[in-house]
Amino acid sequence: MFSVIAVQRLEALDSNLVSDVMDVGGLANQVLSPSIKSLEPGSLYFGTAGCSRGLVLEKKNKPYTEASICDIDAALFPGAGIVLENGGPATCATIGGFVARSWQALGSTVMLTDGLVRDSGEIIDLGYPLFSRGTCPAFPQGRWVLVEVGGTVFLPARQEGKTVTVKDGDLI
C-alpha cells in the first residue's frame, strides 16, 4: 500500500511536525486525546493499523454479535499496530499481559486503545508499547466484549467531542 521509502521518511519525522502539517492541511482532528498515554513514558510508534472495536456492556445494549480475541490473532500481520475502540465508558480492562504477550509473539508491535488495560508491569517488561486511557485490575467478563475485527474505529481527538477516524491499513 505504501512504499517502503515513504514509510521510512514519515517514520523519521517528529510527531509535532506531522501534527502541525496536518492542521495546516485541514486535518485538524487527527491528534488523539491527551488522555491516551503510553504505559511506558517515552514510547513511540509508527506503523500500520489493524483495527477492532469493542462494546461496554450495559442494560440498554442493542443485540450484538460477539467476536473472539482469536479473530484479532488471525488478522494480525508482522508490524501490525492494534487499534482497539473501547465502545463506551471504560469500566474494566480490555486486555492484560497474557493477550499482549500473545499479540507480540504473533507480530504486533504496539496496541493503542481508548480503553483500560491491566498487568501494566508485565506489559512494560515485555517491551510491548501500549497506549491507553489507564489501568484497571477488573477483567472484562460480563463488562466488555469484542464485537468487530477489521474496519474503522473512532477514538477521541484532542478537541472535546471530536474523534479521530482510523481504518485498517492506515499509518499511525
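Everything discussed here concerns the structure shown above.
What counts as what
Residues numbered from 1 in each chain as written. Predicted model: local features only at pLDDT ≥ 70, side-chain atom pairs only at ≥ 80, totals over all residues. Heavy atoms only, no water. Core = buried A, V, L, I, M, F, W, Y, C linked by side-chain atoms within 4.5 Å. Buried < 20%, exposed > 50% of the residue type's maximum accessible area, 1.4 Å probe, protein only. Contact = heavy atoms within 4.5 Å. Helix = DSSP H or I, 4+ residues; strand = E, 2+ residues; numbered from the N terminus. Pairing = 2+ DSSP bridges.

1. Observations concerning the nonpolar core
Membership of the largest hydrophobic core comes to 21 residues, with the highest contact counts inside it found for Ile82, Ile95, Trp103, Met111, Tyr128 and Leu130. Not counting residues up to four positions away in its chain, the partners in contact with Tyr128 are Ile82, Ala100, Trp103, Gln104, Ser108, Thr109, Val110, Met111 and Ile123. Listed in part, the 12 residues of the second largest apolar core include Leu112, Val153, Leu155 and Ala157.

2. Some thoughts on the side chain of Ser52
Locating Ser52 in the fold gives a position in strand E2 (residues 48-56). For Ser52, a relative accessible area of 2% puts it in the buried group. If near-sequence neighbours (up to four positions away) are discounted, Ser52 is found in contact with Ile72, Val83, Leu84, Glu85, Leu146, Glu148, Val149, Gly150 and Val153.

3. Examining the sheet that holds strand E7 (residues 130-132)
The mixed open sheet is built from 6 strands, whose spatial order is E1-E7-E5-E3-E2-E9. The outermost strands of the open sheet, each flanked by one partner alone, are strand E1 (37-38) and strand E9 (144-149). Sheet topology note: the strand E5 (residues 110-113)/E7 ladder contains 2 bridges and is parallel. Within E7, the residue paired with Met111 across the bridge is Leu130.

Note that every value here comes from positions in space, so none of it alone points to a role or purpose.
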